[in-house]
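Below, each chain spelled out in residue letters.
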Amino acid sequence: MESRLMLGTSAIALGAIEAGISYATSYPGTPATQILEYIAQNSNVKAEWSVNEKVAYEVAYGVSLTGKRVLCSMKHVGLNVASDPFMTSAYLGVKGGFVLAIGDDPNAYSSQNEQDSRYYAYFAKIPCFEPADAQEAKDMTKLAFEISEELKLPVMIRSITRLLHCYSPVPLGNRRLENQLNLEKDPEHMIAIPKHVLKLHKELNEKQKKINQLIEKYELNKVIAGEGKKGIIACGISFLYAMEAQEKLPILKISAYPINDSIIKEFVSNLDEVIVLEEGYPLVEQMVRNYHSKVRGKISGDFPMEGEIGVDAVMKFLNKCSSQCNTELNKYLLPRPPVLCPGCPHREFYKALNEAKPNFVSGDIGCYTLGANPPLKSIDTCLCMGASISKASGIASQGVSRVAAVIGDSTFIHSGIPALINAVYNKSNILVCILDNSSVAMTGHQPTPATGVTAKGEETKRLDLVELCKACGADSVEVVDPYDKKSTFEAIQKGLSNPGTNVIIAKRACVLVAKKSKK
(Lines give C-alpha, C1' and ligand atoms only; values in the text may rest on other atoms or scores of the structure.)
Protein backbone atom coordinates (compact mmCIF):
# COMPACT_ATOMS: atom_id res chain seq x y z
CA MET A 1 0.00 0.00 0.00
CA GLU A 2 1.38 3.42 -0.98
CA SER A 3 2.27 5.73 1.90
CA ARG A 4 2.97 9.42 2.04
CA LEU A 5 4.49 11.75 4.64
CA MET A 6 1.63 13.90 5.89
CA LEU A 7 0.82 16.47 8.53
CA GLY A 8 -1.73 15.37 11.09
CA THR A 9 -4.13 17.97 9.70
CA SER A 10 -3.80 16.50 6.21
CA ALA A 11 -4.25 12.97 7.54
CA ILE A 12 -7.58 13.89 9.18
CA ALA A 13 -8.66 15.59 5.95
CA LEU A 14 -7.64 12.56 3.88
CA GLY A 15 -9.50 10.25 6.25
CA ALA A 16 -12.64 12.34 5.78
CA ILE A 17 -12.23 12.34 1.98
CA GLU A 18 -11.74 8.56 1.89
CA ALA A 19 -14.76 8.18 4.20
CA GLY A 20 -16.93 9.72 1.49
CA ILE A 21 -17.80 13.12 2.90
CA SER A 22 -19.98 15.41 0.81
CA TYR A 23 -19.12 18.69 2.57
CA ALA A 24 -16.61 20.28 4.93
CA THR A 25 -16.94 23.41 7.06
CA SER A 26 -14.55 25.37 9.26
CA TYR A 27 -13.40 28.75 10.51
CA PRO A 28 -9.61 29.32 10.33
CA GLY A 29 -7.82 28.72 13.61
CA THR A 30 -4.37 27.31 14.41
CA PRO A 31 -3.67 24.40 14.77
CA ALA A 32 -6.70 23.10 12.80
CA THR A 33 -6.72 25.46 9.78
CA GLN A 34 -5.03 23.14 7.29
CA ILE A 35 -7.69 20.44 7.65
CA LEU A 36 -10.19 22.31 5.50
CA GLU A 37 -7.46 23.74 3.27
CA TYR A 38 -6.35 20.21 2.36
CA ILE A 39 -9.91 19.19 1.48
CA ALA A 40 -10.50 22.35 -0.58
CA GLN A 41 -7.23 21.99 -2.51
CA ASN A 42 -6.98 18.21 -2.93
CA SER A 43 -10.50 16.97 -3.63
CA ASN A 44 -13.74 17.83 -5.36
CA VAL A 45 -15.56 17.88 -2.01
CA LYS A 46 -17.47 21.10 -1.43
CA ALA A 47 -15.80 23.10 1.33
CA GLU A 48 -16.55 26.42 2.99
CA TRP A 49 -14.89 28.91 5.27
CA SER A 50 -17.84 29.82 7.47
CA VAL A 51 -18.11 33.24 9.12
CA ASN A 52 -17.59 31.66 12.57
CA GLU A 53 -17.46 28.26 14.26
CA LYS A 54 -21.11 28.29 15.38
CA VAL A 55 -22.24 28.80 11.80
CA ALA A 56 -19.76 26.15 10.58
CA TYR A 57 -21.23 23.61 13.01
CA GLU A 58 -24.82 24.47 12.10
CA VAL A 59 -24.15 24.22 8.35
CA ALA A 60 -22.46 20.86 8.90
CA TYR A 61 -25.41 19.68 10.99
CA GLY A 62 -27.75 20.66 8.16
CA VAL A 63 -25.69 18.56 5.75
CA SER A 64 -25.93 15.60 8.13
CA LEU A 65 -29.73 15.90 8.21
CA THR A 66 -29.75 15.16 4.46
CA GLY A 67 -28.09 11.79 5.15
CA LYS A 68 -24.71 12.92 3.76
CA ARG A 69 -21.40 12.70 5.60
CA VAL A 70 -19.77 15.93 6.76
CA LEU A 71 -16.59 17.07 8.51
CA CYS A 72 -16.54 20.19 10.69
CA SER A 73 -13.14 21.39 11.96
CA MET A 74 -12.01 24.16 14.30
CA LYS A 75 -9.56 24.96 17.07
CA HIS A 76 -10.40 24.38 20.73
CA VAL A 77 -11.60 27.90 21.54
CA GLY A 78 -13.76 27.75 18.41
CA LEU A 79 -15.72 25.01 20.13
CA ASN A 80 -16.68 27.58 22.77
CA VAL A 81 -18.35 29.56 20.00
CA ALA A 82 -20.02 26.43 18.59
CA SER A 83 -20.97 24.93 21.96
CA ASP A 84 -24.66 25.87 21.74
CA PRO A 85 -25.51 23.80 18.64
CA PHE A 86 -22.88 21.20 19.63
CA MET A 87 -24.53 20.34 22.94
CA THR A 88 -28.06 20.12 21.57
CA SER A 89 -27.03 18.13 18.48
CA ALA A 90 -26.08 15.28 20.80
CA TYR A 91 -29.68 15.21 22.03
CA LEU A 92 -31.23 15.37 18.56
CA GLY A 93 -28.70 13.02 16.99
CA VAL A 94 -27.43 13.00 13.41
CA LYS A 95 -28.42 11.25 10.19
CA GLY A 96 -25.35 11.16 7.94
CA GLY A 97 -21.97 10.70 9.65
CA PHE A 98 -20.87 13.88 11.45
CA VAL A 99 -17.25 14.17 12.62
CA LEU A 100 -16.02 17.19 14.57
CA ALA A 101 -12.22 17.60 14.31
CA ILE A 102 -10.82 19.75 17.12
CA GLY A 103 -7.27 21.09 17.36
CA ASP A 104 -6.24 21.64 20.98
CA ASP A 105 -3.21 23.81 21.71
CA PRO A 106 -1.31 22.77 24.87
CA ASN A 107 1.39 25.36 25.56
CA ALA A 108 -0.82 28.00 23.88
CA TYR A 109 1.50 28.28 20.87
CA SER A 110 -1.15 30.30 19.04
CA SER A 111 -4.11 30.58 21.40
CA GLN A 112 -5.49 32.52 24.34
CA ASN A 113 -5.84 29.44 26.58
CA GLU A 114 -5.00 25.73 26.88
CA GLN A 115 -8.46 24.22 27.41
CA ASP A 116 -8.98 20.49 26.93
CA SER A 117 -11.75 19.54 24.47
CA ARG A 118 -12.09 16.05 25.93
CA TYR A 119 -14.22 17.65 28.63
CA TYR A 120 -16.58 19.00 26.00
CA ALA A 121 -17.05 15.47 24.62
CA TYR A 122 -17.64 14.19 28.15
CA PHE A 123 -20.08 17.05 28.80
CA ALA A 124 -22.04 16.32 25.60
CA LYS A 125 -21.90 12.53 26.17
CA ILE A 126 -20.47 11.78 22.72
CA PRO A 127 -17.51 9.59 21.68
CA CYS A 128 -14.10 11.23 21.39
CA PHE A 129 -11.06 9.72 19.64
CA GLU A 130 -7.49 10.83 20.39
CA PRO A 131 -4.91 9.63 17.82
CA ALA A 132 -1.22 9.16 18.60
CA ASP A 133 0.13 9.86 15.10
CA ALA A 134 -0.98 10.90 11.61
CA GLN A 135 -1.82 7.34 10.51
CA GLU A 136 -4.11 6.87 13.49
CA ALA A 137 -5.57 10.31 12.80
CA LYS A 138 -6.63 9.17 9.32
CA ASP A 139 -7.82 5.73 10.42
CA MET A 140 -9.76 7.06 13.40
CA THR A 141 -11.43 9.72 11.25
CA LYS A 142 -12.73 7.03 8.89
CA LEU A 143 -13.87 4.89 11.81
CA ALA A 144 -15.51 7.92 13.44
CA PHE A 145 -17.88 8.29 10.48
CA GLU A 146 -18.93 4.65 10.76
CA ILE A 147 -19.55 4.96 14.50
CA SER A 148 -21.34 8.29 14.05
CA GLU A 149 -23.84 6.67 11.72
CA GLU A 150 -24.24 3.60 13.93
CA LEU A 151 -24.90 5.66 17.06
CA LYS A 152 -26.54 8.60 15.24
CA LEU A 153 -24.27 10.91 17.25
CA PRO A 154 -21.54 13.42 16.38
CA VAL A 155 -18.07 12.00 17.04
CA MET A 156 -15.11 14.17 18.06
CA ILE A 157 -11.52 13.74 16.90
CA ARG A 158 -9.36 15.54 19.46
CA SER A 159 -5.75 16.20 18.52
CA ILE A 160 -3.07 18.67 19.52
CA THR A 161 -0.63 21.05 17.83
CA ARG A 162 2.35 18.68 18.09
CA LEU A 163 0.54 15.96 16.14
CA LEU A 164 -1.37 18.20 13.73
CA HIS A 165 1.74 20.12 12.67
CA CYS A 166 4.21 17.22 12.46
CA TYR A 167 4.80 14.73 9.64
CA SER A 168 4.54 10.96 9.76
CA PRO A 169 3.88 8.28 7.11
CA VAL A 170 0.25 7.66 6.20
CA PRO A 171 -0.99 4.80 3.96
CA LEU A 172 -3.32 5.94 1.19
CA GLY A 173 -6.65 4.19 0.68
CA ASN A 174 -9.64 4.16 -1.61
CA ARG A 175 -12.42 6.67 -1.43
CA ARG A 176 -15.83 5.44 -0.35
CA LEU A 177 -18.85 6.54 -2.39
CA GLU A 178 -20.86 9.41 -0.93
CA ASN A 179 -24.13 8.66 0.83
CA GLN A 180 -27.32 9.14 -1.16
CA LEU A 181 -29.49 12.16 -0.41
CA ASN A 182 -32.09 11.14 2.17
CA LEU A 183 -33.80 14.10 3.83
CA GLU A 184 -36.80 12.96 5.86
CA LYS A 185 -38.86 14.95 8.32
CA ASP A 186 -38.58 13.64 11.88
CA PRO A 187 -39.90 16.29 14.32
CA GLU A 188 -39.11 14.34 17.49
CA HIS A 189 -35.42 14.15 16.50
CA MET A 190 -35.12 17.46 14.68
CA ILE A 191 -36.94 19.99 16.84
CA ALA A 192 -35.34 20.83 20.20
CA ILE A 193 -38.35 21.94 22.22
CA PRO A 194 -39.22 21.11 25.84
CA LYS A 195 -41.75 18.37 25.06
CA HIS A 196 -39.04 16.40 23.19
CA VAL A 197 -36.05 17.10 25.43
CA LEU A 198 -36.54 14.56 28.24
CA LYS A 199 -37.13 11.74 25.77
CA LEU A 200 -34.09 12.79 23.74
CA HIS A 201 -31.92 13.01 26.85
CA LYS A 202 -33.01 9.52 27.86
CA GLU A 203 -32.08 8.20 24.41
CA LEU A 204 -28.67 9.87 24.71
CA ASN A 205 -28.08 8.28 28.11
CA GLU A 206 -29.07 4.87 26.74
CA LYS A 207 -26.47 5.22 23.99
CA GLN A 208 -23.62 5.40 26.53
CA LYS A 209 -23.49 1.62 26.94
CA LYS A 210 -23.33 1.20 23.16
CA ILE A 211 -20.48 3.74 22.96
CA ASN A 212 -18.43 1.69 25.44
CA GLN A 213 -19.18 -1.51 23.53
CA LEU A 214 -17.96 -0.01 20.25
CA ILE A 215 -14.77 1.34 21.84
CA GLU A 216 -14.12 -2.16 23.20
CA LYS A 217 -15.03 -3.81 19.89
CA TYR A 218 -12.47 -1.80 17.92
CA GLU A 219 -9.83 -2.10 20.71
CA LEU A 220 -9.31 1.66 20.80
CA ASN A 221 -8.15 1.38 24.41
CA LYS A 222 -5.78 -1.54 24.87
CA VAL A 223 -2.98 -2.91 27.03
CA ILE A 224 0.54 -3.40 25.67
CA ALA A 225 2.18 -6.08 27.75
CA GLY A 226 5.36 -5.31 29.68
CA GLU A 227 7.41 -6.23 32.72
CA GLY A 228 7.57 -5.01 36.29
CA LYS A 229 5.25 -3.55 38.89
CA LYS A 230 5.26 -0.04 37.45
CA GLY A 231 2.81 0.78 34.64
CA ILE A 232 2.08 3.67 32.27
CA ILE A 233 -1.32 4.94 31.12
CA ALA A 234 -0.70 7.03 27.99
CA CYS A 235 -3.32 9.07 26.12
CA GLY A 236 -3.08 10.00 22.43
CA ILE A 237 0.34 11.31 21.41
CA SER A 238 1.59 10.67 24.95
CA PHE A 239 1.78 7.01 23.93
CA LEU A 240 4.64 7.96 21.59
CA TYR A 241 6.39 9.68 24.49
CA ALA A 242 6.22 6.42 26.45
CA MET A 243 7.49 4.39 23.49
CA GLU A 244 10.29 6.90 22.88
CA ALA A 245 11.52 6.21 26.41
CA GLN A 246 11.97 2.54 25.40
CA GLU A 247 10.77 1.29 28.77
CA LYS A 248 9.59 -2.32 28.89
CA LEU A 249 6.79 -1.40 31.24
CA PRO A 250 3.16 -2.43 30.73
CA ILE A 251 1.26 0.39 28.99
CA LEU A 252 -2.46 1.09 28.78
CA LYS A 253 -2.92 3.03 25.54
CA ILE A 254 -5.95 5.35 25.62
CA SER A 255 -7.31 6.43 22.24
CA ALA A 256 -11.03 6.87 22.91
CA TYR A 257 -13.41 8.38 25.44
CA PRO A 258 -15.47 7.74 27.50
CA ILE A 259 -13.18 5.23 29.18
CA ASN A 260 -14.73 2.16 30.69
CA ASP A 261 -13.63 2.14 34.33
CA SER A 262 -13.14 -1.64 34.23
CA ILE A 263 -10.12 -1.44 31.89
CA ILE A 264 -8.38 0.99 34.25
CA LYS A 265 -9.30 -1.01 37.34
CA GLU A 266 -7.98 -4.24 35.83
CA PHE A 267 -4.77 -2.63 34.50
CA VAL A 268 -3.72 -1.06 37.82
CA SER A 269 -4.79 -3.96 40.06
CA ASN A 270 -1.36 -5.65 40.16
CA LEU A 271 0.83 -2.54 39.95
CA ASP A 272 2.74 -0.80 42.72
CA GLU A 273 2.87 2.52 40.85
CA VAL A 274 0.98 4.07 37.93
CA ILE A 275 2.30 6.86 35.70
CA VAL A 276 -0.33 8.80 33.74
CA LEU A 277 0.74 10.70 30.62
CA GLU A 278 -1.80 13.01 28.97
CA GLU A 279 -1.66 16.38 27.22
CA GLY A 280 -4.21 18.79 28.62
CA TYR A 281 -6.02 18.52 31.92
CA PRO A 282 -5.59 15.48 34.23
CA LEU A 283 -8.90 13.93 33.14
CA VAL A 284 -7.65 10.33 33.09
CA GLU A 285 -5.40 10.78 36.12
CA GLN A 286 -8.43 11.73 38.22
CA MET A 287 -10.14 8.49 37.15
CA VAL A 288 -7.08 6.39 37.94
CA ARG A 289 -6.85 7.83 41.44
CA ASN A 290 -10.16 6.12 42.24
CA TYR A 291 -8.47 2.73 41.81
CA HIS A 292 -4.87 3.17 42.95
CA SER A 293 -3.16 4.93 45.83
CA LYS A 294 0.16 5.70 44.13
CA VAL A 295 -0.41 7.63 40.91
CA ARG A 296 2.23 9.85 39.32
CA GLY A 297 1.11 12.60 36.95
CA LYS A 298 0.02 16.22 36.89
CA ILE A 299 -2.00 16.23 40.10
CA SER A 300 0.96 14.75 41.98
CA GLY A 301 3.24 17.47 40.56
CA ASP A 302 5.45 15.11 38.55
CA PHE A 303 4.42 16.87 35.34
CA PRO A 304 3.41 20.53 34.97
CA MET A 305 -0.28 21.46 34.87
CA GLU A 306 0.58 24.18 32.34
CA GLY A 307 2.05 23.78 28.87
CA GLU A 308 2.96 20.54 27.11
CA ILE A 309 4.50 17.47 28.70
CA GLY A 310 6.52 16.53 25.62
CA VAL A 311 9.10 13.78 25.22
CA ASP A 312 11.84 15.48 27.24
CA ALA A 313 9.79 15.73 30.43
CA VAL A 314 8.90 12.03 30.22
CA MET A 315 12.53 11.05 29.58
CA LYS A 316 13.66 13.16 32.51
CA PHE A 317 11.00 11.68 34.79
CA LEU A 318 12.06 8.15 33.86
CA ASN A 319 15.75 9.08 34.26
CA LYS A 320 16.34 8.37 30.58
CA CYS A 321 17.46 11.88 29.66
CA SER A 322 20.70 11.98 27.66
CA SER A 323 22.56 14.38 25.40
CA GLN A 324 19.72 13.91 22.91
CA CYS A 325 17.26 15.66 25.21
CA ASN A 326 16.57 19.27 24.33
CA THR A 327 15.97 20.32 27.93
CA GLU A 328 19.45 21.75 28.37
CA LEU A 329 19.63 23.10 24.82
CA ASN A 330 16.65 25.40 25.35
CA LYS A 331 18.72 27.87 27.36
CA TYR A 332 20.93 28.43 24.30
CA LEU A 333 18.04 29.07 21.91
CA LEU A 334 17.11 32.69 21.35
CA PRO A 335 13.40 33.44 21.84
CA ARG A 336 11.56 34.19 18.60
CA PRO A 337 8.29 35.87 19.51
CA PRO A 338 5.92 36.67 16.62
CA VAL A 339 6.14 40.20 15.25
CA LEU A 340 4.25 42.29 12.72
CA CYS A 341 5.74 41.82 9.24
CA PRO A 342 7.88 44.59 7.70
CA GLY A 343 5.50 46.94 5.92
CA CYS A 344 2.42 45.65 7.79
CA PRO A 345 -0.40 48.22 7.54
CA HIS A 346 -1.38 47.46 11.14
CA ARG A 347 1.90 48.93 12.36
CA GLU A 348 1.26 52.21 10.56
CA PHE A 349 -2.27 52.38 11.94
CA TYR A 350 -1.01 51.87 15.50
CA LYS A 351 1.52 54.67 15.11
CA ALA A 352 -1.32 57.04 14.24
CA LEU A 353 -3.50 55.64 17.05
CA ASN A 354 -0.74 56.17 19.61
CA GLU A 355 -0.32 59.80 18.52
CA ALA A 356 -4.06 60.36 18.98
CA LYS A 357 -3.65 59.32 22.64
CA PRO A 358 -6.88 57.39 23.39
CA ASN A 359 -7.54 56.77 27.10
CA PHE A 360 -8.03 53.04 26.57
CA VAL A 361 -7.77 50.61 23.64
CA SER A 362 -9.71 47.35 23.64
CA GLY A 363 -8.08 44.73 21.38
CA ASP A 364 -9.11 41.50 19.69
CA ILE A 365 -7.73 38.25 18.24
CA GLY A 366 -5.58 38.40 15.10
CA CYS A 367 -2.28 39.70 13.69
CA TYR A 368 -3.09 43.13 15.10
CA THR A 369 -2.97 41.70 18.64
CA LEU A 370 0.81 41.98 18.23
CA GLY A 371 0.29 45.72 18.58
CA ALA A 372 0.26 45.06 22.32
CA ASN A 373 4.01 44.34 22.20
CA PRO A 374 6.84 46.88 22.41
CA PRO A 375 7.59 49.25 20.89
CA LEU A 376 3.97 49.96 19.89
CA LYS A 377 2.17 49.00 23.13
CA SER A 378 -1.09 50.11 21.53
CA ILE A 379 -3.54 47.59 23.04
CA ASP A 380 -4.63 47.49 26.68
CA THR A 381 -6.82 44.37 26.74
CA CYS A 382 -7.55 41.26 24.67
CA LEU A 383 -10.06 38.55 25.64
CA CYS A 384 -11.53 36.56 22.75
CA MET A 385 -12.90 36.79 19.22
CA GLY A 386 -15.18 39.81 18.81
CA ALA A 387 -14.87 41.03 22.40
CA SER A 388 -13.08 44.30 21.61
CA ILE A 389 -16.24 46.26 20.78
CA SER A 390 -18.27 44.81 23.67
CA LYS A 391 -15.52 45.53 26.20
CA ALA A 392 -15.07 49.07 24.85
CA SER A 393 -18.83 49.63 25.31
CA GLY A 394 -18.64 48.42 28.90
CA ILE A 395 -15.66 50.64 29.69
CA ALA A 396 -17.24 53.71 28.08
CA SER A 397 -20.52 53.10 29.94
CA GLN A 398 -18.68 53.96 33.16
CA GLY A 399 -17.77 57.45 31.99
CA VAL A 400 -14.37 56.75 30.43
CA SER A 401 -13.87 58.98 27.39
CA ARG A 402 -11.86 58.45 24.19
CA VAL A 403 -12.19 54.64 24.20
CA ALA A 404 -11.21 52.74 21.04
CA ALA A 405 -11.86 49.16 19.96
CA VAL A 406 -9.51 47.52 17.43
CA ILE A 407 -10.76 44.53 15.45
CA GLY A 408 -9.78 42.81 12.19
CA ASP A 409 -12.02 42.41 9.15
CA SER A 410 -12.46 38.65 9.57
CA THR A 411 -12.97 38.91 13.33
CA PHE A 412 -15.53 41.68 12.82
CA ILE A 413 -17.50 39.39 10.51
CA HIS A 414 -16.96 36.46 12.91
CA SER A 415 -18.51 38.04 16.01
CA GLY A 416 -18.03 41.82 15.92
CA ILE A 417 -21.24 42.67 14.05
CA PRO A 418 -23.62 41.87 16.96
CA ALA A 419 -21.30 43.81 19.27
CA LEU A 420 -21.45 46.87 16.96
CA ILE A 421 -25.25 46.69 16.85
CA ASN A 422 -25.26 46.43 20.65
CA ALA A 423 -22.98 49.47 20.99
CA VAL A 424 -25.19 51.54 18.68
CA TYR A 425 -28.39 50.39 20.37
CA ASN A 426 -27.07 51.26 23.83
CA LYS A 427 -25.68 54.65 22.76
CA SER A 428 -22.01 53.83 23.41
CA ASN A 429 -19.48 56.63 22.91
CA ILE A 430 -16.66 54.61 21.35
CA LEU A 431 -14.46 54.49 18.26
CA VAL A 432 -14.49 51.15 16.45
CA CYS A 433 -11.38 50.59 14.30
CA ILE A 434 -11.76 47.79 11.75
CA LEU A 435 -8.33 46.85 10.38
CA ASP A 436 -9.17 45.43 6.94
CA ASN A 437 -6.15 43.61 5.50
CA SER A 438 -8.24 41.56 3.04
CA SER A 439 -7.56 38.13 4.58
CA VAL A 440 -7.43 36.00 7.70
CA ALA A 441 -3.72 36.74 7.79
CA MET A 442 -2.61 35.15 11.07
CA THR A 443 -3.79 31.66 10.06
CA GLY A 444 -2.43 31.69 6.51
CA HIS A 445 -4.34 34.27 4.43
CA GLN A 446 -7.65 32.51 4.05
CA PRO A 447 -10.33 34.53 2.22
CA THR A 448 -13.26 36.23 3.96
CA PRO A 449 -16.72 37.31 2.76
CA ALA A 450 -15.21 40.79 2.28
CA THR A 451 -12.75 39.44 -0.33
CA GLY A 452 -15.39 37.85 -2.53
CA VAL A 453 -13.54 34.52 -2.85
CA THR A 454 -14.59 31.13 -1.44
CA ALA A 455 -12.47 28.39 0.13
CA LYS A 456 -12.33 26.68 -3.29
CA GLY A 457 -11.02 29.88 -4.93
CA GLU A 458 -14.30 30.65 -6.67
CA GLU A 459 -15.60 34.21 -7.03
CA THR A 460 -18.69 35.10 -5.01
CA LYS A 461 -20.48 38.20 -3.73
CA ARG A 462 -18.24 40.61 -1.84
CA LEU A 463 -19.42 41.93 1.52
CA ASP A 464 -19.26 45.73 1.76
CA LEU A 465 -18.05 46.59 5.27
CA VAL A 466 -18.92 50.28 4.89
CA GLU A 467 -22.54 49.62 4.01
CA LEU A 468 -22.74 46.92 6.69
CA CYS A 469 -21.57 49.33 9.41
CA LYS A 470 -24.01 51.96 8.19
CA ALA A 471 -26.82 49.39 8.28
CA CYS A 472 -25.84 48.60 11.89
CA GLY A 473 -26.54 52.27 12.69
CA ALA A 474 -23.00 53.59 13.22
CA ASP A 475 -23.02 57.37 13.66
CA SER A 476 -20.15 57.73 11.20
CA VAL A 477 -18.13 55.43 8.96
CA GLU A 478 -14.84 56.57 7.45
CA VAL A 479 -12.36 54.64 5.29
CA VAL A 480 -8.65 55.42 5.54
CA ASP A 481 -5.40 54.08 4.14
CA PRO A 482 -3.12 53.39 7.13
CA TYR A 483 -0.12 54.23 4.94
CA ASP A 484 -1.50 57.79 4.84
CA LYS A 485 -0.58 58.64 8.40
CA LYS A 486 -1.91 62.23 8.37
CA SER A 487 -5.44 61.37 7.24
CA THR A 488 -5.51 58.28 9.49
CA PHE A 489 -4.49 60.37 12.52
CA GLU A 490 -7.11 63.00 11.74
CA ALA A 491 -9.85 60.39 11.35
CA ILE A 492 -8.90 58.76 14.68
CA GLN A 493 -8.91 62.12 16.47
CA LYS A 494 -12.31 62.94 15.05
CA GLY A 495 -13.73 59.52 15.91
CA LEU A 496 -12.46 59.68 19.49
CA SER A 497 -13.85 63.20 20.02
CA ASN A 498 -17.29 62.82 18.46
CA PRO A 499 -20.18 61.41 20.52
CA GLY A 500 -21.82 58.16 19.51
CA THR A 501 -20.47 54.97 17.96
CA ASN A 502 -18.03 55.91 15.21
CA VAL A 503 -16.28 53.52 12.84
CA ILE A 504 -12.97 53.78 10.99
CA ILE A 505 -12.09 51.14 8.42
CA ALA A 506 -8.31 51.09 7.86
CA LYS A 507 -8.16 49.40 4.48
CA ARG A 508 -4.85 48.10 3.14
CA ALA A 509 -4.12 44.51 2.08
CA CYS A 510 -1.65 42.42 4.09
CA VAL A 511 1.79 42.92 2.52
CA LEU A 512 2.11 39.18 1.89
CA VAL A 513 -1.27 39.08 0.14
CA ALA A 514 -0.29 42.12 -1.93
CA LYS A 515 2.93 40.38 -3.01
CA LYS A 516 1.02 37.31 -4.18
CA SER A 517 -1.48 39.49 -6.05
CA LYS A 518 1.31 41.24 -7.96
CA LYS A 519 2.84 37.92 -8.96
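All values reported here derive from a predicted model rather than from experimental measurement.

A. Representation of the overall build of the chain. Counting secondary structure elements, the chain contains 18 helices and 19 strands. Taken over the C-alpha trace, the chain has a radius of gyration of 25 Å; the compact-globule value for 519 residues is 24 Å, and the two agree within 12%. Overall, the C-alpha framework of the chain stretches about 75 × 60 × 50 Å when taken along its three principal axes. Counting over 519 residues, the chain shows a buried share of 54%. Of the contacts formed within the chain by residues at least 6 apart in sequence, a portion of 74% connects residues at least 24 apart. Surface summary for the chain: the accessible area is close to 23,600 Å², and the carbon and sulfur share equals 53%.

B. Highlighting the sheet that holds strand β9 (residues 222-224). The 5 strands lie next to each other as β9-β11-β10-β13-β14, forming an open sheet whose pairing is mixed. A single partner strand is all that each edge strand has here, and the edge strands are β9 and β14 (295-296). Across 5 bridges, the pairing between strand β10 (residues 230-235) and strand β13 (residues 273-277) is parallel. Paired with Ala 234 across the strands is Leu 277, a residue of β13.

C. Just the pairing of strand β17 (residues 430-436), in detail. Across the 7 residues that make up β17, a large majority, 7, are buried. Burial along β17 is two-sided: the residues Ile 430, Val 432, Ile 434 and Asp 436 and Leu 431, Cys 433 and Leu 435 are all buried. With 6 bridges joining them, strand β16 (residues 403-408) and β17 adopt parallel strand pairing. When the bridges of β17 are listed, Val 403 appears paired with Ile 430.

D. The arrangement of the packing of aromatic side chains in detail. In this structure the tally under the stated criterion is 6 aromatic pairs. Here the aromatic rings of Tyr 57 and Phe 98 are separated by 4.8 Å at their centres, their planes lie at 40 degrees, and the arrangement is tilted. Taken together, the positions of Tyr 57 in helix α3 (residues 53-65) and Phe 98 in strand β5 (residues 98-104) put the pair 41 residues apart, joining distant regions of the chain. For the residue pair Tyr 57 and Phe 98, the accessibility class agrees, reading buried in each case. Summarising the aromatic geometry, the rings of Phe 303 and Phe 317 are spaced 5.0 Å apart at their centres and angled 50 degrees between planes, so their arrangement reads as tilted.

E. A look at the nonpolar core. Formed by 107 residues in total, the largest nonpolar core has its most connected members in Leu 100, Phe 129, Met 156 and Ile 233. Sort the elements by how many residues they give to this core and helix α6 (residues 134-151) lands first, with 8 residues. Look past the residues within four positions of Ile 233 in its chain and what remains in contact with it is Leu 252, Ile 254, Phe 267, Val 268, Val 274, Ile 275, Val 276, Leu 277, Val 284 and Val 288. The next biggest cluster of nonpolar side chains, apart from the first, holds 47 residues, and it includes Leu 420, Leu 468, Ala 474 and Ile 492.

What counts as what
Residues numbered from 1 in each chain as written. Predicted model: local features only at pLDDT ≥ 70, side-chain atom pairs only at ≥ 80, totals over all residues. Heavy atoms only, no water. Helix = DSSP H or I, 4+ residues; strand = E, 2+ residues; numbered from the N terminus. Rg over C-alpha atoms; globule rule 2.2 N^0.38 Å. Buried < 20%, exposed > 50% of the residue type's maximum accessible area, 1.4 Å probe, protein only. Contact = heavy atoms within 4.5 Å. Areas by Shrake-Rupley, 256 points an atom, 1.4 Å probe, with all protein chains shown as cover. Pairing = 2+ DSSP bridges. Phe/Tyr/Trp six-rings, centres within 6.5 Å; stacked < 30°, edge-to-face > 60°. Core = buried A, V, L, I, M, F, W, Y, C linked by side-chain atoms within 4.5 Å.

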